[in-house]
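Residue-level listing of the chains:
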Amino acid sequence: MSLQKLNNYALGQWIPSTDKGEVLYNSITGEPLYIADSVDVDFAAALEYGRKTGGKILRKMTFHERGRMLKDLAIYLQARKDKYYAISAYTGATKADSWVDIEGGFGNLFTNASLRRQLPDEPFYIDGDIAKLSRGGSFIGHHIMVPKPGIAIHINAYNFPVWGMLEKIAVNLMAGMPAIVKPAQVTSFLTEAVVQDIIASGILPEGALQLLVGSARGILDHVKNGDVVTFTGSAHTGRMLKATQRLIDEAVPFNMEADSLNASVLGADVTPDMPEFDIYIKEVAREITTKAGQKCTAVRRMIVPEHLVSPVQEALAKRLASTTIGDPAVEGVRMGALAGLQQRNDVLAKIEQLKTSQEIIIGDLQNFEVVGADREKGAFLPPVVFLNNDPFHNTAAHEIEAFGPVSTLMPYKTLDEAIELAAMGKGSLVSSFITYDDRLARDYTLEAATSHGRILVLNRDCAKESTGHGSPMPMLVHGGPGRAGGGEEMGGIRGILHYMQRTAIQGSPTTITAITNVFQQGAKGRDPGIHPFKKHYEELHIGDQIITEKRLITSEDIDRFAALSGDNFYAHKTNTDFTGTMFDQQVAHGYFIMSIAAGLFVDSYEMNPVLLNYGIDELRFTKPVYPGANIHIRFTCKQKLPNDTTPDPENPRSLIKRGIVKWLVEMLDDDTEDPLVGVATILTMVKTLEQ
Ligand code: NAP
């Protein structure tokens, strides 16, 4: 039977594998399905193609354009998901496993796409606040981050062929960098099916994504300064690749997510009759069996109070006994096969190593039932739980990762011991702590944080909605210290910034405004011609500025504001003895000054393109304002952001096209040496000309 040759996608074309490629199998039946290699791909040329073709276009796109592109891609792929589920079955995955891989991957695209709303409509990112570098304010510093000029090279593990690719490319594409993806060979057929559709969609610019289905050995010998390498896989391979001389010579960052001996700790406050006990059993059982334990975040070590070892063992044995193993296509099967026979052999070898110092208490490798498939031809294993009664001296469980449905139960006496045991994994991706005592939760979290990339605290209040021990979330950092590689591949905007270069910029506020397109305090304003509230979104310019009339603040005003708002704080009263306070006399409410600011800058009486004011950021009252002060406002268009929320046809108001405009409000009293008494950024929605 001739096997289907997988295709690489490089240099703008599909390049098939050769006859000599690696044979890839159906892990349930053992049947050969595909051939894969990348021998006909010129790696150096492919990397350069990505940098020069896809990178060139992506770097010019704004975050909003990149975000909308990812959203379109997610919608496009979602419509084709049935095809991926069918292929995913060959990897041994159950429907639930495939859901995590496939739809979890799309979820990653959606979440990253939504991050655009927190980012400017520019190709670059503005990092942090300005630094005042001069007394007079004519010289300031700031930071921008621009997309790196190279290509992201993603070397992925075999367990999540879709999610593994999408969680990474979502981030580099948002940042404006192209990628070349090298999935692990054994499951690369599923990655290829998705990439076929991505390319066919035409949604990504050409050169933004390339694929190598083969082993791609030697690819890192072609990296260049400006590239980024990410690696997901075993610590052993990761360390070897990280030492590639070319990476060092070219100063290319290597983000490593390696294997991890994650721990789930049961709090000493928990008793078998508490909901937290059941939550613990459910969580660890799920982590042992999902994806047949082939998850980098799976619970490899269960650390429980000494007196709860037996109840935990009993409850876990009962729960795992109900795990039906077999062909996921058969109704009722809860756990499928490992990715391949090679992977099963690796796990069996690791089990043998673990067996030298600890005993198996749940699971029989010789006798387990497999439904709807041949136990030997398919890569099946039963859940296996070890007991290690002396975990401080028998340390194999802290060192050996059996990448399958395998975990070790171990006792602890005190919380310090639990923390120490968890840390003996030498750095992990995730640790969970199941407790209904928030003081214990705090003590565990603060002490254990140095060893784990993420800490999940579970109890009855959050368990139902919890995303679980094993699920990295696109908004949160995924990665971990030490053995886990020290990398961070996601984490909301934090993840995106890994693919960007930070540069400090210095100059006058006016120049920094021109570069960043965000008005900086102290920059020259421009005459808008008419009140800026009369302008539509497109007609507004950064720096459009008005200076308002003055308003005299009186003691009666302050009294009236106190009466109206109910804010009768002593500082706003005339009859207060101000000795020992921060004030000399009755002081105006900061909110009153902000309110009169609105009274001064709002163009009141006519209908205008400003639809609404929806908030204030960074409001500061910098000096007290006393009766007799004459306050006026410098009001400047600070930043413009598109608003591209999806309109709701049921709600006609949502159909009004608009953008978001931020305004700098400077509250000034010219009669004092430093006139600034307050500052704020207000946010408005402004109608666009085009409706
Ligand atoms: P692996 O054997 O370390 O391989 C990982 C990737 O590296 C594969 O794509 C592999 O390609 C590639 N690779 C190996 N040698 C290479 C070389 N010389 N040059 C270029 N690429 C090379 O790991 P795996 O067996 O696929 O995955 C299982 C391991 O990954 C487990 O230990 C697990 O804990 C870890 N993992 C970690 C995370 C995480 O986020 N931390 C996530 C998932 C998995 P080939 O397939 O072609 O050999």
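Residues numbered from 1 in each chain as written. Predicted model: local features only at pLDDT ≥ 70, side-chain atom pairs only at ≥ 80, totals over all residues. Heavy atoms only, no water.

Participant: How should I be thinking about the packing of helix H2 (residues 63-78) against helix H4 (residues 95-114) in this particular structure?
Facilitator: Axes are the key here: two packed helices are described by the angle between their axes and the distance separating the axes. Contact pair H2 / H4: the axes reach a minimum separation of 8 Å and the direction vectors enclose 155°. Our classification of the angle between H2 and H4 gives roughly antiparallel. The two elements H2 and H4 meet at a crossing, and its hand is left-handed. The segment H2 lies against H4, with Gly67, Leu70, Lys71, Leu73, Ala74, Ile75, Leu77 and Gln78 engaging Glu103, Phe106, Leu109, Phe110, Asn112 and Ala113. Per-class residue counts for the contact of H2 with H4 are 9 nonpolar, 3 polar and 2 charged. (Axes fitted to C-alpha atoms, helices over the stretch in contact; angles between N-to-C directions. Helix = DSSP H or I, 4+ residues; strand = E, 2+ residues; numbered from the N terminus. Parallel < 35°, antiparallel > 145°, perpendicular 65-115°, else oblique. Left-handed = near helix turned anticlockwise from the far one by under 90°. Contact = heavy atoms within 4.5 Å. Nonpolar A, V, L, I, M, F, W, Y, C, P; charged D, E, K, R; others polar.)

Participant: How should unusual backbone geometry be read in this particular structure?
Facilitator: Residues apart from glycine generally show negative phi values, whereas peptide bonds are mostly found in trans. The residue Lys426 is not glycine, and still its phi comes out positive at about 60°. Within the secondary structure, Lys426 is located in the loop between helix H13 (415-423) and strand S21 (428-434). At Asn517, a residue that is not glycine, the phi angle is positive and equals roughly 65°. Residue placement: Asn517 occurs in the loop between helix H16 (509-516) and strand S24 (545-547).

Participant: Help me understand the site of the ligand in this model?
Facilitator: In the vicinity of the ligand, 26 residues are found, and the nearest of them are Asn156, Ser234, Thr237, Cys296 and Glu401. Within the backbone of Asn156, one N or O atom sits 2.6 Å away from an oxygen atom of the ligand. Split by domain, the shell around the ligand shows at least three residues from each of two domains, domain 1 (4-253) and domain 2 (262-474). (Near = heavy atom within 4 Å. Polar contact = N/O pair within 3.5 Å; in protein donor to acceptor, adjacent residues only side chain to side chain. Domains from an automatic or database assignment.)

Participant: So what exactly am I meant to see when it comes to a negative patch on the surface here?
Facilitator: Taken together, the side chains of Asp416, Glu420, Asp443 and Glu447 present a region of like negative charge at the surface. Elements with a minimum of two residues in the negative patch: H13 and helix H14 (438-448). Examined against the element boundaries, Glu420 turns out to sit in helix H13. (Patch = residues over 30% accessible without salt bridge, like charges linked within 9 Å, V, L, I, M, F, W, Y side chains within 5 Å. Areas by Shrake-Rupley, 256 points an atom, 1.4 Å probe, with all protein chains shown as cover. Salt bridge = Lys/Arg side-chain N within 4 Å of Asp/Glu carboxyl O. Lys, Arg positive; Asp, Glu negative; His and termini not counted. Charge placed at Lys NZ, Arg CZ, Asp CG, Glu CD.)

Participant: When you look at the nonpolar core in this model, what are you seeing that I'm missing?
Facilitator: Counting residues in each nonpolar core, the largest one holds 55 residues, and the members touching the most others are Leu77, Leu166, Ile198 and Ile496. Top element by residues in this core is helix H5 (residues 163-175). It accounts for 8 residues. Listed in part, the 36 residues of the second largest apolar core include Ala588, Phe601, Val665 and Val686. (Core = buried A, V, L, I, M, F, W, Y, C linked by side-chain atoms within 4.5 Å. Buried < 20%, exposed > 50% of the residue type's maximum accessible area, 1.4 Å probe, protein only.)

Participant: How should I be thinking about the sheet that holds strand S1 (residues 4-5) in this particular structure?
Facilitator: Two pairing modes exist for strands in a sheet, parallel and antiparallel, and in both the strands are linked by backbone hydrogen bonds. With mixed pairing, 3 strands are arranged side by side in an open sheet as S1-S5-S4. Strands with a single pairing partner mark the edges of an open sheet, and in this sheet they are S1 and strand S4 (22-25). (Pairing = 2+ DSSP bridges.)

Participant: Could you clarify how one ought to interpret the domain arrangement of the chain in this entry?
Facilitator: One frequently used descriptor of interface size is the decrease in accessible area upon assembly of the parts. Here the domain parsing of the chain yields domain 1 (4-253), domain 2 (262-474) and domain 3 (525-687). The straight-line distance from the C-alpha centre of domain 2 to that of domain 3 is 55 Å.

Participant: Would you take a moment to explain the sheet that holds strand S19 (residues 384-387) for this structure?
Facilitator: Strands sit in the order S17-S19-S20-S15-S14-S21-S22 across an open sheet of 7 strands; the sheet is mixed. Looking along the sheet, the strands with just one partner apiece sit at the ends: strand S17 (359-362) and strand S22 (452-458). Each neighbouring strand pair of the sheet contributes to a mean axis angle of 25°, computed without reference to strand direction. As defined by bridge partners, S21 adjoins S22 across 6 bridges and the pair is classed as parallel. Looking at the pairing, Ile434 lines up with Leu458 of S22. Of the strands in this sheet, strand S14 (263-266), strand S15 (301-305), S17, S19 and strand S20 (406-412) touch helix H10 (residues 309-321), which is tilted by about 60° from S17. Its contacts with the sheet place helix H11 (residues 341-355) against S17, S19 and S20, and it is angled at close to 15° to S19.

Participant: Can you help me understand the packing of aromatic side chains in this one?
Facilitator: Each aromatic ring pair is summarised here by two numbers: the centre-to-centre distance and the angle between the ring planes. The full count for this structure, using the stated rule, is 16 aromatic pairs. Ring geometry for Tyr9 and Trp14: centres 4.7 Å apart, planes at 55°, overall tilted. The class of Tyr9 is buried, set by a relative accessible area of 4%. Members of the aromatic cluster, connected to one another through ring pairs, are Phe533, Phe601, Phe635 and Trp663. Here the guanidinium or amino end of Arg460 rests over the ring plane of Tyr436, the centre of that ring lying 3.7 Å away. The aromatic ring of Tyr537 is capped on one face by Lys640, whose charged end is 4.7 Å from the ring centroid. (Phe/Tyr/Trp six-rings, centres within 6.5 Å; stacked < 30°, edge-to-face > 60°. Lys NZ or Arg CZ within 6 Å of the ring centre and 35° of its normal.)

Participant: Any chance you could explain the environment of Lys377 here in plain terms?
Facilitator: As for its placement among the helices and strands, Lys377 is situated in the loop between strand S18 (370-371) and S19. Separated by 108 residues in sequence, Lys377 and Asp269 place their C-alpha atoms 46 Å apart. Ignoring anything within four residues of it in the chain, the contact list for Lys377 reads Ile28, Thr29, Gly30 and Leu341.

Participant: So what exactly am I meant to see when it comes to the pattern of salt bridges here?
Facilitator: Pairing between side chains of opposite charge can happen when their charged atoms approach one another. Inspection of every chain in the model, using the stated rule, returns 26 salt bridges. For the salt bridge of Lys81 with Glu103, the shortest nitrogen-to-oxygen distance reads 3.5 Å. Taken as a pair, Lys81 in helix H3 (residues 81-88) and Glu103 in helix H4 lie far apart in primary sequence, 22 residues in all. In this structure Lys81 comes out as partly exposed when scored by relative accessible area, which is 25%. By relative accessible area, which is 16% here, Glu103 ends up buried. Here the salt bridges do not stand alone but share partners, grouping Glu48, Arg51, Lys52, Lys224 and Asp227 into one network.

Participant: Could you clarify how one ought to interpret helix H6 (residues 188-201) in this entry?
Facilitator: Each turn of an α-helix holds 3.6 residues, which means side chains three or four residues apart point in the same direction. Taking 1.5 Å per residue, 14 residues should reach 20 Å; H6 reaches 20 Å between its end C-alpha atoms and fits that length. Positioned one or two residues after H6, Gly202 has a phi angle of 70°, which is positive. (Expected span 1.5 Å × (residues − 1).)

Participant: I would appreciate a short explanation of the environment of Lys524 in the present structure.
Facilitator: You can see Lys524 is positioned in the loop between H16 and S24. Assessed through its relative accessible area of 69%, Lys524 is described here as exposed. On a C-alpha basis, the gap between Lys524 and Tyr125 in space is 23 Å, while along the polypeptide they are 399 residues apart. Once residues lying within four places of it in the same chain are set aside, the contact partners of Lys524 are Thr510 and Phe519.

Participant: Would you mind showing me how to read the packing of H4 against H5 here?
Facilitator: H5 packs onto H4 with a crossing angle of 10° between their chain directions and a minimal axis gap of 8 Å. Relative to H5, the element H4 is oriented roughly parallel. Taken together, the residues of H5 that come into contact with H4 (itself represented by Val100, Asp101, Gly104, Gly105, Phe106, Asn108, Leu109, Asn112 and Ala113) are Trp163, Gly164, Leu166, Glu167, Ala170, Val171 and Met174.

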